[in-house]
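Architecture and fold: a report
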Amino acid sequence: MLTVKDKIHKLWGGRFREATDAFVENFTASVTFDQTLAFYDIAGSIAHATMLQAIGIINSAELKQIQAGLESIAEDISSDNFSWSVGLEDVHMNIEQALIDRIGVTGKKLHTGRSRNDQVATDLRLYLRDMIDLICSKIRELQLGILGLAEPETETVMPGFTHLQVAQPVSFAHHLMAWFEMVDRDFDRFMDCRKRVNSLPLGAAALAGTNWPIDRHLTADLLGFDLVATNSLDAVSDRDFAIEFCGAASILMVHLSRWAEEMILWVSPQFRFIELPDRFCTGSSIMPQKKNPDLPELVRGKSGRVFGSLISLLSMMKGQPLAYNKDNQEDKEPLFDTVTTVLESLTAFAEMIPAIVPQRDKMRAAAEDGFSTATDLADYLVSKGLPFRDAHDVVGKLVALAIELESTLTEIPVAQAVAINALIDEEALKRLTLENSLAAKDQIGGTAPKQVRRAILDARQRIKS
Ligand code: ARG
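Rules behind the numbers
The residue numbering used here restarts from 1 in each chain and proceeds along that chain's sequence as written. Where local features are concerned, this predicted model is filtered to residues with pLDDT of at least 70; where side-chain atom pairs are given and counted, the filter is 80 or more; whole-chain, interface and lining totals use all residues. The side-chain figures draw on all heavy atoms in the structure; neither hydrogens nor water molecules are used. What counts as a helix is a DSSP run of H or I of at least four residues, what counts as a strand is a run of E of at least two, and both are numbered from the N terminus. Only C-alpha atoms enter the radius of gyration, while the globule expectation follows 2.2 Å times N to the 0.38, with N the number of residues. With a 1.4 Å probe rolled over the protein chains alone, any residue whose accessible area is under 20% of its type maximum counts as buried; one over 50% counts as exposed, and the rest are partly exposed. Residues are classed as near a molecule or strand on a simple rule: at least one heavy atom within 4 Å of it. Each polar contact in these results corresponds to two N or O atoms within 3.5 Å; when the atoms are within protein, one needs to be able to donate a hydrogen and the other to accept it, and residues that are neighboring in sequence are counted only if both atoms are side-chain atoms. We get accessible surface area from the Shrake-Rupley algorithm with a probe of 1.4 Å; when it comes to residues, only the shown protein chains can shield them. Amino acid classes used here: Ala, Val, Leu, Ile, Met, Phe, Trp, Tyr, Cys and Pro are nonpolar; Asp, Glu, Lys and Arg are charged; the rest, including Gly, are polar. Think of a nonpolar core as a cluster: buried Ala, Val, Leu, Ile, Met, Phe, Trp, Tyr and Cys residues, connected wherever their side-chain atoms sit within 4.5 Å. When checking whether two residues touch, look at their non-hydrogen atoms; a contact exists if any pair is within 4.5 Å. Every axis in this analysis is a line fitted to C-alpha atoms, fitted for helices over the stretch in contact. Angles between the N-to-C directions lie between 0 and 180 degrees. Working definition: roughly parallel below 35 degrees, roughly antiparallel above 145 degrees, roughly perpendicular at 65 to 115 degrees, and oblique for all remaining angles. Each crossing gets its hand from how the near helix is turned against the far one by less than a right angle, where anticlockwise is left-handed and clockwise is right-handed. Criterion used throughout: strands pair if DSSP finds at least two bridges between them.

Some details on the overall build of the protein chain
Helix and strand content of the protein chain: 20 helices and six strands. Here the C-alpha atoms of the protein chain give a radius of gyration of 31 Å, more than 25% beyond the 23 Å that 2.2 N^0.38 yields for 465 residues. Each principal axis of the C-alpha atoms in the protein chain carries an extent, and together these give about 100 × 50 × 40 Å. Considering the protein chain as a whole, with its 465 residues, one finds that 51% of them fall into the buried category.

Overview of the site of the ligand
What surrounds the ligand is the set Ser30, Asp90, His92, Arg116, Asn117, Val120, Tyr324, Gln329 and Lys332. The separation between a nitrogen atom of the ligand and a polar side-chain atom of Asn117 is 2.9 Å. Between Tyr324 and the ligand, the recorded distance is 2.4 Å, taken from a side-chain N or O atom to an oxygen atom. Relative to its unbound accessible surface of 350 Å², the ligand loses 86% to contact with the protein. Top contributing element to the shell around the ligand by residue count: helix 7 (residues 116-150), with three residues. In terms of residue class, the shell around the ligand is made up of two nonpolar, four polar and three charged.

Considering the nonpolar core
Taken as a class, soluble globular proteins show a tendency for nonpolar side chains to be buried jointly. Membership of the largest hydrophobic core comes to 104 residues, with the highest contact counts inside it found for Leu142, Phe190, Phe245, Leu256 and Phe349. A per-element tally of this core places helix 11 (residues 240-267) first, with 15 residues. Not counting the four nearest positions on each side in its chain, Phe190 is found in contact with Ile132, Ile135, Cys136, Ile139, Phe245, Ala248, Ala249 and Leu252. In terms of nonpolar packing, the next biggest core, distinct from the first, is built from 21 residues, Tyr380, Val394, Val399 and Leu409 among them.

Quick word on the packing of helix 5 (residues 60-78) against helix 6 (residues 91-103)
Between helix 5 and helix 6, the least distance of the axes is 9 Å, while the angle of their chain directions is 120°. Between helix 5 and helix 6, the interaxial angle falls into the category oblique. Handedness of the helix 5/helix 6 crossing: right-handed. Contacts between helix 5 and helix 6 involve Gln65, Ile66, Gly69, Leu70, Ser72, Ile73, Asp76 and Ile77 on the former and, on the latter, Ile95, Ala98, Leu99, Arg102 and Ile103. The class makeup of the residues in the contact of helix 5 with helix 6 is eight nonpolar, three polar and two charged.

Notes on the side chain of Ser45
Structurally, Ser45 is set in helix 4 (residues 38-54). Ser45 has contacts with Leu70, Leu110, Arg114 and Gln119, leaving out every residue within four places of it along the chain.

Considering the pairing of strand 1 (residues 157-162)
Pairing of strand 1 with strand 2 (residues 165-171), which is carried by six bridges, proceeds in the antiparallel orientation. Each bridged residue has a counterpart across the sheet, and for Thr162 the counterpart in strand 2 is Gln165. What sits between the antiparallel neighbours strand 1 and strand 2 is a turn of two residues, in which His163 has the positive phi angle 55°.

Remarks on the packing of helix 4 against helix 9 (residues 216-223)
Between helix 4 and helix 9, the shortest axis-to-axis distance is 9 Å and the interhelical angle comes to 140°. On the basis of the axis angle, helix 4 is oblique to helix 9. Between helix 4 and helix 9 the crossing geometry is right-handed. Judged by residue contacts, Ala43, Gly44, Ala47, His48, Thr50, Met51 and Ala54 of helix 4 engage Leu218, Thr219, Leu222 and Leu223 from helix 9.

Focus: the environment of Pro296
Positionally, Pro296 belongs in helix 12 (residues 294-318). The exposure class assigned to Pro296 is buried, which follows from its relative accessible area of 0%. Spatially, the C-alpha atom of Pro296 lies 9.1 Å from that of Phe280, the residues being 16 residues apart in sequence. The residues contacting Pro296, other than those within four sequence positions of it, are Ala260, Met263, Ile264, Leu276 and Met352.

Here it is in structure tokens:
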């Protein structure tokens, strides 16, 4: 619904002879969603006004008025006492009009040397910088949770998988630390993206720069920007920083989704490698026995909307000629949705990971089940002089025999093993323990408990700095 004020005048209404069509007004408005930027818009305006005063375009009494007016608007917005108007199109014009309503003619001076084009790009960057900081601190919280879970589990043996088939035994902590590494790179990706986000577009004005002798470095300092955008056309038009953010977010969501998939498998009765406390699960309305891992499932499902946002932004940008086009208004909802989804997914994981209860016996039994030490036996035969390919063949035959006998490799009667290859002796079979297998992977990045303990210590140091 239009308010009376909307019908009377638009901030840009000078050259217009008729009111905006009602559908067009609604269709072109963004205020229903870009309100998210309100406090960043106000911060940007206060910095801009401070700079205008420093270069003598407004006087200090005017600056005080503008600042007080904007602060009172901020208070009203935070206490939900601000009335947003679709007729005023977007967050920028809602706030500017409110300022003019509150302080009169001085309010009309705020927009000197500025356009909504550089204003919105500035707001978006301020917002995203804050959100990246929030996301990065959530990643660190999650990493601390992983370390806490991993520390007592360096000697816990589980099967490592390839093709989802039992491959070789690994330490449970080692598996967890793989997740640590993935999100650690995500952290770095966000921080790297932040460098390019943290550049000031304000001063580019509509597209060409401004006639006023503005001090862009002062505005940048006031807003904590490290850089001043060096080309006005580029500054108002490109949204590559938002695309890049959604790219980093998509990779993070791929990681969380893969991890979610493992947790879903691990809590299933077929695996039972872990238990998740009831508070993270839900039941079925029909099957009384069910305890469903909804939380990881939802994170896995939500990854889709983040990838979707990345594609939305790429598609929105690809056909745009320089400089600003209204298409760019479509950057906000995908970006905001991505931020919310990433923050919620990280929160879900940060809460859930420390609550995982490892089922050590189940993991061990699964590692014992799938001939996971077969490669170790092959390596033993190589150490006795057999070329690796032949050793591989010998152990393959032993595995086939064990399947036939329904036994493990160590349970094969020595006589039958020796019949396959004379290099095999009791000692060889006896040494085939899960512990020996793990301990032998004693190189950097390997799964020997000693290495994993060191990796955990290093990781703790790394995230401290
Ligand atoms: N609401 C607009 C956006 O989000 C603000 C910039 C509008 N600029 C313009 N020249 N119409 O992109």
